[in-house]
Amino acid sequence: MAGFVAGGLCGTRAGTARAVAERNGFGIRADRCRRRAASVRMSGTNGMFTPSEKKKVIVLGGDGFCGWPTALYLSEIGHDVIIVDNLSRRAIDLELECDSLTPIQSMGERLKVWKQVSGKEIPFHFFDVAKSYELLRELIAREKPDAVVHFAEQRAAPYSMKGPYQKKYTIDNNVNGTHNLLCAIVESGLDVHVVHLGTMGVYGYGTSGGEIPEGYIDVTLPGGRESNILHPMSPGSVYHMTKCLDQLLFQFYQRNDELRITDLHQGIVWGTNTPWTKKDERLINRFDYDSDYGTVLNRFLMQAAMGYPLTVYGTGGQTRAFIHIEDTAKCIGLAIENPPKSGDRVEIFNQIAETHRVRDLAKIIADLTGCEVKSVNNPRKEAAENELEVSNKKFRSLGYEPISLGTGLLEEVTQVADKYKDRCDVDKIMPSSFWNKKIEEQCTDDVKKPDADDVDESLLNAIAKGDPKKVEKLKEVLRGN
Ligand SMILES: NC(=O)c1ccc[n+]([C@@H]2O[C@H](COP(=O)([O-])OP(=O)(O)OC[C@H]3O[C@@H](n4cnc5c(N)ncnc54)[C@H](O)[C@@H]3O)[C@@H](O)[C@H]2O)c1
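Residues numbered from 1 in each chain as written. Predicted model: local features only at pLDDT ≥ 70, side-chain atom pairs only at ≥ 80, totals over all residues.

- Per an unreviewed UniProt entry, the chain is named NAD-dependent epimerase/dehydratase domain-containing protein, and its organism is Rhodosorus marinus.
- On record in UniProt, under Sequence similarities (unreviewed entry), the comment for the chain is "Belongs to the NAD(P)-dependent epimerase/dehydratase family." (UniProt positions renumbered as here; feature names shortened; annotations may be inferred.)

Written out as structure tokens, the structure is:
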């Protein structure tokens, strides 16, 4: 393990709080331990550190794209990790008739291989955190975790806009899951730090006119009253709305029950492997490339590997925040290491490395791979162009040195896309979820009309026997005029 920091230990350990809770018995609220925020920092470019204390961490959603590599990372740096997942993401693969590009193994196989390569055991519990409240409550009471990392939500904005079933499912699953967790912790009486994966999308994707701070903003209310409030929310999909509702649940449970909560407003995650998933081919992480779950950079890399034009929505002027999957895991390690004190307001970090316009990203991939870039109608209802300036000062102050697109890992992901391209179903890349009926009509019209400019000019010339007027006529026919 390279790069290392010894940090300040908390004044009161979670173990002490656990002991208090144990003495009080399950169901009776223990005094919350007063913690100093630890001052452990990352160091070295690979940013790994040895935690100041070994913790027991339950990872909800530990079979997913972010959850799996994070569970391995936390296990690698010495924490005791337990995974909970209902494998709903794998079930959605069946519903969408699509699969991870990379051949992910069953949970049993993954955990067996991790034990072989690391010597460490990760217990797995298969249940639905949104529906099986009792199982969640009993697990927390039995295991007495120091922290619960909450990834277990339906996370694709397009999927959440696909139709009424998916909208309702996303609300039920995400809001109930988060509420069950908070409620179960209160009922346990334990001092459990919640680390939740939120999204930059809670702030909305319009131009805010200034830097987006980490969660809270100073405002002057009518009458000149100064206040510090949650940054205004502006969700752009049902999925993003659930993350806004999560924020309100956190505010309430922190104020009412003094739960210690960290909400990580994460950017779009790119990449697939991490040093821990690379230890054995059977530990490989999932790689989604379809239009519902594939994040923009992974979709572009897939199109490039297949020799297709990179499809940019509209002008591609949307600016988004990005983070590499390895940094996702490391930031969660840092968040666990630096919990808020009991009684502190909800800690919010912007978990991002950099921001880019989508068309600039497409250009980077086009330059790397020699692919064309093509504009298609945007299936989403969103600003065509936006600026995005985001603060990530808190993570930076802990020594976080993010992986950026320029670090060479882009080539590595390109190789992954290329290696498994035979498993790709290209029909799944073009949009299949639309934000409303009008947008759907515009987008499907686009698909139905043949694009005359895509047809080989020499073929048209051959058919028209070189007559430029006939070539023009053929193009008009192709355009549907
Ligand atoms: N991937 C990104 O780009 C990104 C960006 C910002 C935020 N996030 C957030 O990070 C979290 C994880 O994202 P991901 O990309 O790993 O998604 P994912 O869909 O790959 O993983 C989520 C996991 O949670 C499980 N799950 C869902 N609902 C559950 C339930 N009710 N009970 C038990 N398990 C359940 C799924 O089976 C899946 O394994 C999400 O909350 C997401 O909103 C992700």
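Considering the site of the ligand
Here is step 1 of the chain: Every one of the 27 residues lining the ligand counts as a neighbour, but Gly61, Gly64, Cys66, Arg155 and Leu197 are closest to it.
Here is step 2 of the chain: The set of elements that each furnish at least two residues to the shell around the ligand consists of helix H3 (88-96), helix H7 (164-188), strand E5 (193-199) and strand E10 (268-270).
Here is step 3 of the chain: The class makeup of the residues in the shell around the ligand is 11 nonpolar, 10 polar and six charged. (Near = placed C-beta within 6 Å. Helix = DSSP H or I, 4+ residues; strand = E, 2+ residues; numbered from the N terminus. Nonpolar A, V, L, I, M, F, W, Y, C, P; charged D, E, K, R; others polar.)

Here we look at the sheet that holds strand E14 (residues 354-357)
Here is step 1 of the chain: The sheet built from three strands is open, its strands ordered E10-E12-E14 with mixed pairing. Two strands in the sheet have a free side with no partner beyond their single neighbour: E10 and E14. Recorded for the sheet is a direction-independent mean angle of 45° between the axes of neighbouring strands.
Here is step 2 of the chain: Against the sheet, helix H10 (residues 325-337) engages E10 and strand E12 (319-324), with an angle of about 75° to E12. (Pairing = 2+ DSSP bridges. Axes fitted to C-alpha atoms, helices over the stretch in contact; angles between N-to-C directions. Contact = placed C-beta atoms within 7 Å.)

Some thoughts on the pairing of strand E2 (residues 80-84)
In summary, the side chains of a regular strand alternate between the two faces of the sheet.
Here is step 1 of the chain: In terms of residue burial, E2 counts as a mostly covered element, since four of its five residues are buried.
Here is step 2 of the chain: Two strands pair when backbone bridges link them, and strand E1 (residues 56-60) and E2 are joined in this way by five bridges, in the parallel orientation. Across the sheet, the residue bridging to Val59 is Ile83, located in E2.
Here is step 3 of the chain: For the segment spanning E1, helix H2 (residues 67-76) and E2, crossover handedness is right-handed.
Here is step 4 of the chain: Across two bridges, E2 lies against strand E3 (residues 124-125) in parallel orientation. Pairing of Val84 across the sheet is with His125, part of E3. (Buried ≥ 20, exposed ≤ 12 C-beta atoms within 10 Å, placed from the backbone. Right-handed = clockwise from strand over helix to strand, strands pointing away.)

Details of the packing of H2 against H10
Here is step 1 of the chain: As a packed pair, H2 and H10 sit with axes 9 Å apart at the nearest point and diverge in direction by 50°. Looking at the two axes, H2 sits oblique to H10. The handedness of the crossing between H2 and H10 comes out as right-handed. Note on element contacts: H10 touches H2 through Ile325, Thr328, Ala329, Lys330, Ile332 and Gly333, opposite Pro69, Thr70, Tyr73 and Leu74.
Here is step 2 of the chain: Looking at the contact of H2 with H10, its residues break down into six nonpolar, three polar and one charged. (Parallel < 35°, antiparallel > 145°, perpendicular 65-115°, else oblique. Left-handed = near helix turned anticlockwise from the far one by under 90°.)

Structural notes on the sheet that holds E1
Here is step 1 of the chain: The parallel open sheet is built from seven strands, whose spatial order is E3-E2-E1-E4-E5-E9-E13. What marks the edges here is a single partner per strand, and that holds for E3 and strand E13 (347-351).
Here is step 2 of the chain: Inspection of the sheet shows E5 paired to strand E9 (residues 260-266) by seven bridges, in the parallel sense. Within E9, the position partnered with His196 by the bridge is Asp263.

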